[in-house]
Amino acid sequence: MHEPDELSNAIEAAAAAIARSGHAVALVGAGLSAESGIPTFRGGEGIWTKLGEPTFDGWELFNQDPAAWWQEAISFKQEFAEFNRAIDDATPNAGHRAMADLEAMGRLAHIITQNIDNLHQRAGSRHITEIHGNRYLVRCMSCGARDRLESVRLDRLPPLCPECGGFLKNDTVMFGEPIPEDALRECYRQTALCDLFLVVGTSAVVYPAAEFPVIACRRGVPLIEINPEETPLSGLASVVIRATAGQSLPAIVERLVPGRGRR
Ligand code: APR
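Numbers given to residues run from 1 along each chain, matching the order in which its sequence is written. A pLDDT threshold of at least 70 governs which residues receive local features in this predicted model, and a stricter bar of 80 or more applies before side-chain atom pairs are shown or counted, although totals over entire chains, interfaces and linings include all residues. Just so you know, side-chain values use all the structure's heavy atoms and leave hydrogens and water out.

1. Quick notes on the site of the ligand
Which entries qualify depends on this criterion: Being near a molecule or strand, for a residue, means having at least one of its heavy atoms within 4 Å of it. Throughout this description, a polar contact denotes any pair of N or O atoms lying within 3.5 Å of each other; where both atoms belong to protein, one of them has to be capable of donating a hydrogen while the other can accept it, and for residues adjacent in sequence the pair is counted only when both atoms sit in side chains. A 1.4 Å probe and the Shrake-Rupley method give the accessible areas. Residues count as covered only by the protein chains that appear here. In this classification, Asp, Glu, Lys and Arg are treated as charged, Ala, Val, Leu, Ile, Met, Phe, Trp, Tyr, Cys and Pro as nonpolar, and every other residue, Gly included, as polar.
By nearness alone, 21 residues border the ligand, and Phe41, Arg42, Trp48, Thr202 and Ser203 come closest of all. At 2.6 Å from an oxygen atom of the ligand is found a side-chain nitrogen or oxygen belonging to Trp48. Protein coverage of the free-state accessible area of the ligand, which is 740 Å², stands at 89%. Grouping the amino acids of the shell around the ligand by side-chain chemistry returns eight nonpolar, 10 polar and three charged.

Take a look at the structure:
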């Protein structure tokens, strides 16, 4: 973590870069939701650190026998009960609200989030691509149509898409599952449009998500990293804020619009 004046200088530099930008894009990871009580995946208390990373079996099982996959999903694997409960109990934190403020101020054009917790939407952000899906949605494996998970009838498995009759699956992208085409296309489009890239609360080790800031950086787009820890992207960043998102993002908003960062 930074010394106080180092942190203040980094916040100042980030706010100045955001003020100068015309199309800032953010890549967000689990670290943004950590202050909402949702565990991260890697690092000391991470879920994968505790349980080990999921295998690719889930995606293979879904393709072999979607009904059996749904049967298992409904049986609500205990091992993820803690994570799922943490998401359901979570509310947006000051970091989410500050990102929604930056969007409302016209200072943040788009969020590419790896989080499935719906907290950006609840904080008021609108321009979002959920590259790993959304825990509260289902998606058709044939036509890509999405709907609310709670609207799906589970008396017949697997549930079928009302649009095309294809198999429905929860929208959360599983290990081994391709990223939905519409989400991937928008991520590349935003990466091509951006003139500033914020990387917030991600270990930047999962692809294709971690690739977008690198592609932008290759064409000279400045990166701002907000993370208490170093990541593989730290060396590419023009500004590194070694602090939490809940502390840094409101401080940046406060620098841009005095008084607004304290909400
Ligand atoms: N503020 C900012 N960053 C934080 C905070 C915080 N309060 N707390 C932790 N972090 C940082 C950690 O230092 C770490 O670099 O957040 C990052 C979390 O990294 P991961 O747990 O790997 O989460 P993430 O990068 O989102 O993982 C990417 O991996 O398994 C997949 O689908 C999963 O979307 C996830 C993807």
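2. What about the packing of helix α4 (residues 57-64) against helix α5 (residues 66-74)?
Put simply, the rule reads: What counts as an axis is a line fitted to C-alpha atoms, over the stretch in contact for a helix, and the angles between N-to-C directions run from 0 to 180 degrees. Only DSSP runs of H or I covering at least 4 residues are called helices, and only runs of E covering at least 2 are called strands; the numbering of each starts at the N terminus. An angle below 35 degrees is read as roughly parallel, one above 145 as roughly antiparallel, one from 65 to 115 as roughly perpendicular, and any other as oblique. We call two residues in contact whenever any of their non-hydrogen atoms come within 4.5 Å of each other.
Viewed as axis vectors pointing N to C, α4 and α5 meet at an angle of 130°, and their least axial separation amounts to 5 Å. One finds that α4 runs oblique with respect to α5. Counting all contacts with α4, which are made through Gly58, Leu61, Phe62, Asn63 and Gln64, the residues of α5 involved are Pro66, Ala68, Trp69, Trp70 and Glu72. Across the contact of α4 with α5, the residue classes break down as six nonpolar, three polar and one charged.

3. Considering the sheet that holds strand β6 (residues 168-170)
For clarity, the cut-off: A strand pair is defined by DSSP finding two or more bridges across the two strands.
Taken in spatial order, the three strands line up as β5-β4-β6 in an open sheet, and their pairing is antiparallel. A strand with exactly one partner marks an edge of an open sheet, and here the two such strands are β5 (146-148) and β6. Pairwise comparison of adjacent strand axes, ignoring direction, gives a mean angle of 35° for this sheet. Across three bridges, the pairing between strand β4 (residues 137-140) and β5 is antiparallel. Along β5, the bridge assignment pairs Leu137 with Arg148. Its contacts with the sheet place α5 against β4 and β6, and it is angled at close to 30° to β6.

4. Here we look at helix α9 (residues 181-193)
For clarity, the threshold we go by: What a helix should span is 1.5 Å times the count of its residues minus one. Residue burial is assigned from relative accessible area. The probe radius is 1.4 Å, only protein chains are included, and a residue is buried under 20% of its type maximum, exposed over 50%, and partly exposed in between. In this context, the arc is that of the directions from the helix axis out to the C-beta atoms.
Between its terminal C-alpha atoms α9 stretches 18 Å, which fits the 18 Å expected from 13 residues at 1.5 Å a residue. Within α9, the full set of buried residues consists of Ala183, Glu186, Cys187, Gln190 and Thr191. The buried residues of α9 occupy one face: seen down the axis, they fall within an arc of 135°. In α9, the exposed positions angled more than 90 degrees off the buried face are occupied by Glu181, Arg185 and Ala192. Looking at the buried side of α9, the elements it contacts are β1 (24-28), β2 (110-113), β3 (128-130), β7 (196-200) and α10 (211-218).

5. Topic: α5
Regarding α5, the residues found buried are Pro66, Trp69 and Trp70. Angular distribution of buried residues about the axis of α5 spans 95°; they occupy a single face of the element. If you follow the buried residues of α5, they end up packed against α4, β4 and β6.

6. Describing the pattern of salt bridges
Selection rule: By definition here, a salt bridge exists when the distance from a side-chain nitrogen of Lys or Arg to a carboxyl oxygen of Asp or Glu is within 4 Å.
By the definition in use, this model includes 14 salt bridges. Residue Arg260 is joined to Asp101 by a salt bridge in which the shortest nitrogen-to-oxygen separation is 3.5 Å. Of this pair, Arg260 sits in the segment after α11 (245-256) while Asp101 sits in helix α7 (residues 94-104), and the two are 159 residues apart along the sequence. Asp101 sits in the buried class, given a relative accessible area of 6%. Among the ionic pairs, Arg139 bridges to Glu177, the shortest N-O distance being 3.0 Å. With Arg139 in strand β4 and Glu177 in the loop between β6 and α9, the pair connects residues that are 38 residues apart, well separated along the chain.

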